[in-house]
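# Working through the structure, step by step
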Amino acid sequence: MDRIDLSIGSGGKSMHEFIAGVVLRHLGNARLDGLGDAALLDLPRHAAFTTDSFVVKPLFFPGGDIGTLCVAGTVNDLVVSGARPLFLSLGLILEEGLPMADLERILASMRRTADAAGVTVVTGDTKVVRKGEADGIYVNTAGIGEAVGRPETPRPGDILIVTGSPGDHGVAIMVARREFEFEGDVRSDCAALTRLLPLWESGDVRWMRDITRGGLATVACEMASQAGCTAVLREADVPFSPPVRGVAEILGIEPLYLPSEGKALIVAPSASAGRVLEFLRTKAACPDAAAIGTVETRDREVDAILRTQSGGHRILEPLTGELLPRIC
Amino acid sequence: MCLAIPLRLIDVEGEHGTVDAGGIRRRIVISLVPGAKPGDYAIVHAGFAISLMDEEQALLSIRTIHELLDKAGS
Amino acid sequence: MKDLEILRGEPAVRALVDEIGREAAGIGRPLQLMEVCGTHTMTVYRNGLGPVLRRLGVTMISGPGCPVCVTPDSTISAAASLVREHEGVILASFGDMLRVPTSEGILMKLVPAARSEIRIVYSAEETLRLARENPDRSVVFLAAGFETTIPSIAWVVRECVRRDVRNVFLLSAMKTVPAPLRAILSAGEVRLDGLIYPGHVSVIIGTHPYEFIPKEFGVPGAVAGFEPADFLLGVLAVLQQIRGRRPAVENAYPRAVRAEGNPEAVRLIAETLHPADAEWRGFGTIPQSGLLPPERFSALARFNPRTDAVWTHEGCRCGEVVRGLIAPEGCPLFARTCTPGRPLGPCMVSFEGACLIHAKYGKEVPGGQD
């Protein structure tokens, strides 16, 4: 069949053929092939467990698709929590009429991303809803990982490091949505961050979070709020890529709020910050990693302060509302 | 009222041109700046070029800043 | 242009701040300057320059340069009426205007009449595309803006004439900058020691239209650009005029602004639009301060929409903010009941609005770092 139809979610022969013929062709592995109701696993003593749902629109964008995202997103939640990702579950909600070719592309992306991250999909589920009741495909993934490091609360004196240019995913989505009538050779930074794991093993980092919705500013505010500190960011040191700067200029959008899907904010003690940067740049394929600020003692109710390029200061708040371009 | 930025024109065709900022490209109307050519920097507002940047004046402004910086340094 | 990066950087800003400090000390009294344009307010607050200038005795007051903020209830009513009460109307507008809070909610969320809808556009040119794609409907463009935007609207009118487009209409909210400045100075309610003229409006109109200000009112001024150093160059020029007691209209943004403006744009405006009296939020009617298209493009003439259908919040003091009478912080609703997440008036909605800019960027860093 070349489009998803309701029979695939019915639990009968059609569904079985679909799973065996399509899903397993892309995602098959020793555990999944058995298609049991549950995966039987030997879990590590200290495990991490997370889940995320993915409703990105459009499904395909430069540099990735919902398949890349749904694996990378859950993998990254584990990585930044100090865990090596091991197993994923996969819940698919498919819209009747979704082209099979699109689904296969998405499954192939999932496989590629999972292989790169060293995880396997060990259990899953498929449902089909009527045309109009989902936007092509919605995905949920849950992930289990082995704790290899223990995050600690950031404290004053720590250094804030970003693994690369924030906001690339946001610009890629904007280009793909064609809402703003601009084009660009820009790719989402959607990727798994498993290559950051040695930082946990070495004990050189204190805390990490991946930069997703709300961008770098929002993540910094959340960190500071949870840690009871104040984050001070230096605008001039944030390594925005040229397309992100371009979009910020053309549309008047604040790039500190543009999302990534493969970049992390890392907090490291000042004594090891140099080593962390060295590792990122030379061993973890993060050539643009940069120190962008510091953690300071809590300043009343202020989560984050931005030291602007021109030397002034202003308070940075988490993103509220939508990002709409400025128009006269 | 005034959001507009200098963007490099990479091509022109009749009443339209394409500007580029860091690899992001947008098609704009250039009817308000007759004589615009690729390589010019257009001040673009809401999809229209309203002025071409005068590079000589730009350099003069930069020089003024440098003079101030030298004065501050000494 | 890479070289222009220097206008953003700290060393240039510091050096200019020091120069401004010297001039201010020489003048020896507190000064109030008005930055007319919302984008200049953004430059000041995004870069933390407000507190820096205040420490030198220079207070910046925001002016009327926010087209959405000065659009009166009657225009928004007309837009609401067009969409709700007329079939087959596509109301095209820049985004901010569609989010101004009114007694009936925001325009964007109104339930349109049959075959009517609201579309956000980022360029006036999109109006032509909408008209072409929807030949059986009327496209009404809520044409808002000052002289920076007006040429693009004039261009659309000219194209409609050239291509014989019959289904485009304008609901005009076009306004000109010099007129409210005369009103503010004549009223004398705010003490203004100097003006920072809008950079990109001046690209179009040049510097001559402001010359009545030093001549008739003795108030110094300078056109400034939008990088932090550009703005400070403008402030420095004004302070030098104050100290030397020689009010003038200086051009501190010569890479973009010429004294004669953009003659092509001015000609296009003159050929396609005509001046008319206009109603301003906060100012009432200012004679010859607006621009209208030819009658055949007038949405008011074609549809006769209601101009009393919606109104803004009773306690809203945006009208005083745009006249420089109060700062956003002077409005009792500011940051309490009127916030970026729950705005009550246009100044908290528009990206050029003083209240939104102050709310987003104006919170002062405790401890007064520099």
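Structural data are supplied above this passage.
Here's a quick rundown of the structure.

Conventions we followed
Once a new chain begins, its residue numbering starts again from 1 and follows that chain's sequence as written. Labels are handed out in written order, letters beginning with A for the chains and numbers beginning with 1 for the ligands. Thresholds applied to this predicted model are a pLDDT of at least 70 for local features of residues and 80 or more for the giving and counting of side-chain atom pairs; totals over whole chains, interfaces and linings are not thresholded and use all residues. Note: side-chain values were computed over all heavy atoms of the structure, leaving out hydrogens and water. As used here, the term nonpolar core means buried Ala, Val, Leu, Ile, Met, Phe, Trp, Tyr and Cys residues forming a set that is joined through side-chain atoms within 4.5 Å. Only protein chains enter the calculation, and the probe is 1.4 Å; a residue is then buried if its accessible area is under 20% of its type maximum, exposed if over 50%, and partly exposed in between. Here a strand is any run of E in DSSP of at least two residues, a helix any run of H or I of at least four, and the numbering for each starts at the N terminus. Only protein atoms enter the 1 Å grid used here, on which a cavity is any set of points holding a 1.4 Å probe that cannot leave and a pocket is any open set flanked by protein within 12 Å on both sides along at least five of seven lines; residues with an atom within 4 Å of a point are listed as lining. Grid points are joined across faces, edges and corners, and a volume is the space filled by probe spheres set on the points. Each residue receives one of three labels: charged for Asp, Glu, Lys and Arg, nonpolar for Ala, Val, Leu, Ile, Met, Phe, Trp, Tyr, Cys and Pro, and polar for the others, Gly being one of them. Note on pairing: two strands pair once DSSP finds at least 2 bridges between them. In the sections that follow, a salt bridge refers to a side-chain nitrogen of Lys or Arg positioned within 4 Å of a carboxyl oxygen of Asp or Glu. When checking whether two residues touch, look at their non-hydrogen atoms; a contact exists if any pair is within 4.5 Å. Put simply, buried area is how much 1.4 Å-probe accessible surface two parts lose in total, over both of them, once they are put together.

This next bit is on the nonpolar core. The nonpolar side chains of a soluble globular protein tend to be buried with one another. Of all hydrophobic cores here, the largest spans 110 residues; its most connected members are Val140(C), Phe141(C), Leu195(C) and Tyr210(C). Per-element tally for this core: the top contributor is helix α6 (residues 150–162) of chain C, with seven residues. Listed in part, the 62 residues of the second largest apolar core include Ile66(A), Leu196(A), Met208(A) and Leu277(A).

So, about the environment of Pro340(C). All names here are of chain C. Assignment of secondary structure puts Pro340 in the loop between α13 (318–322) and α14 (354–361). Pro340 sits in the partly exposed class, given a relative accessible area of 37%. Separated by 19 residues in sequence, Pro340 and Ala359 have C-alpha atoms that sit 7.0 Å apart.

Okay, empty space enclosed by the protein next. All names here are of chain C. Under the defined criterion, the tally for this structure stands at five cavities of 30 Å³ or more. Its boundaries defined by the atoms lining it, the second largest cavity holds a volume of some 80 Å³. Lining the second largest cavity are Cys316, Arg317, Cys318, Val321, Cys331, Leu333, Phe334, Cys338, Leu344, Gly345 and Cys355. Classifying every residue of the lining of the second largest cavity by side-chain character gives nine nonpolar, one polar and one charged.

Residue and element names in this part refer to chain B. For strand β2 (residues 16–21), the tally of buried residues reaches six of six residues, placing the bulk of the element in the interior. Of the two faces of β2, the one lined by His16, Thr18 and Asp20 and the one lined by Gly17, Val19 and Ala21 are each fully buried. Hairpin connection between strand β1 (residues 5–13) and β2: a loop of two residues separates the two successive antiparallel strands, and Gly14 in this loop has a positive phi of roughly 65°. Bridge count between β2 and strand β3 (residues 24–29): six bridges; the pairing is antiparallel. In the sheet register, Gly17 faces β3, and the bridge partner there is Ile28. The turn joining β2 and β3, which pair antiparallel and follow one another in sequence, is formed by two residues; a positive phi near 60° is taken by Gly22.

All names here are of chain A. As enumerated under the stated definition, the model contains 49 salt bridges over all chains in all. Here Asp189 and Lys263 are joined by a salt bridge, their closest N and O atoms 3.0 Å apart. Of the two residues, Asp189 is situated in the loop between β8 (182–184) and α6 (197–202) and Lys263 in the loop between α8 (242–251) and β11 (264–268); the sequence distance between them amounts to 74 residues. As far as the burial class goes, Asp189 and Lys263 line up, both buried.

Between chain C and chain B, the residue contacts involve 48 residues of the former and 35 residues of the latter. Counting the surface lost from both chain C and chain B, the interface buries some 3,300 Å², and carbon and sulfur atoms represent 68% of this. If you look at where chain C meets chain B, you find three salt bridges. Close ionic contact of Arg158(C) with Glu15(B) constitutes a salt bridge, the shortest N to O distance being 3.6 Å. Elements with a minimum of two residues in the side of chain C that touches chain B: α1 (10–27), α6, α8 (199–205), α10 (228–243) and α11 (263–272) of chain C. For the side of chain C that touches chain B, the residue count by class is 28 nonpolar, nine polar and eleven charged.

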